[in-house]
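One-letter residues, chain by chain:
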Amino acid sequence: MRTSAKKFDTLLKAAPSAEERIAWFGALLAKESGIDVEIVGESATAIYLSSRVYVSQDAAVVGSRGPIIGVLRRWSFQEVTGRSARTYWVKKGLGLVDLVGPRDSSGLAPRKVVTPHGTVFISAVEPLILRRLWRASREHSKGLFSQAVQLARDRDLDWEYLGTMAKYEGVAADLRRLRLALQG
């Protein structure tokens, strides 16, 4: 059974938190489109950190564009073109959906999350940590560095991947600081 735009809106409004709302959106989108959907970027960071620490009103999605676009149109999302000539999908009260590609490019397996509305995949945490380190360095932000530490805390991380990519991104020293912060 296909979910109407009105039913979709009602389901998302019932989400108990901002991060669950993003996960529910991804699960509903996966179920309706019949494909795997992965939440990535800032949206995935919001899920990992929880809305107590970080909130993203947008959803960055990896998946096959055709089926996803069909569902977004049915749910009354409007196609808009951004400053960089990228296409986004927006719906009043729900934020922006960014279709970032057909599959994640990190090469790391996403985390599978089961919601009341089905399954969604969430980006591996390592690329999110690297993005936080890169932004923290660029913006001289203690808050972003702290978020990187929180993302890394109590997780079984691929340190080889992190080390290689941190060197490539120019944040190897920041990764070393992160590891020291995790020990303290």
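Look a little higher up for the structure.
Quick caveat, the model's predicted, so the values are computed rather than measured.

What about unusual backbone geometry?
The phi torsion at H140 lies on the positive side, around 50°, for a residue other than glycine. Examined against the element boundaries, H140 turns out to sit in the loop between helix 5 (125-139) and helix 6 (142-152). Residue classification places H140 among the exposed residues on the basis of a relative accessible area of 72%. The backbone of D154 shows a phi angle near 60°, a positive value even though the residue is not glycine.

Let's talk about the environment of W134
Mapped onto the fold, W134 is located in helix 5. Judged by its relative accessible area of 26%, W134 is partly exposed. Discounting residues that sit within four places of it in the chain, W134 has contacts with E169 and V171.

As for the nonpolar core
Counting 55 residues, the largest nonpolar core has F25, L29, V61, L72, F77, I129 and L178 as its most contacted members. Per element, the largest residue contribution to this core is 8 residues, and it comes from helix 2 (residues 18-33).

Some remarks on the sheet that holds strand 5 (residues 95-101)
Pairing in this open sheet of 7 strands is mixed, and the strands run 3-4-5-2-1-7-6 from one edge to the other. Here the strands that pair on one side only, and so sit at the sheet edges, are strand 3 (78-81) and strand 6 (111-115). Within this sheet the neighbouring strands show an average axis-to-axis angle of 35°, counted without direction. Pairing of strand 2 (residues 59-62) with strand 5 involves 4 bridges; the strand directions are parallel. Across the sheet, V62 pairs through a bridge with G101, a residue of strand 5. Contacts from helix 2 reach strand 1 (38-40), strand 2, strand 5, strand 6 and strand 7 (118-122) within the one sheet, and its direction differs from that of strand 7 by about 115°. Running over the sheet, helix 3 (residues 41-49) touches strand 1, strand 2, strand 6 and strand 7 and is turned about 95° from strand 1.

Let's talk about the side chain of S33
By the element assignment, S33 lies in helix 2. Take S33: its relative accessible area is 14%, and that puts it in the buried class. Look past the residues within four positions of S33 in its chain and what remains in contact with it is P67, I68 and V71.

Calculation criteria
Residues numbered from 1 in each chain as written. Predicted model: local features only at pLDDT ≥ 70, side-chain atom pairs only at ≥ 80, totals over all residues. Heavy atoms only, no water. Helix = DSSP H or I, 4+ residues; strand = E, 2+ residues; numbered from the N terminus. Buried < 20%, exposed > 50% of the residue type's maximum accessible area, 1.4 Å probe, protein only. Contact = heavy atoms within 4.5 Å. Core = buried A, V, L, I, M, F, W, Y, C linked by side-chain atoms within 4.5 Å. Pairing = 2+ DSSP bridges. Axes fitted to C-alpha atoms, helices over the stretch in contact; angles between N-to-C directions.

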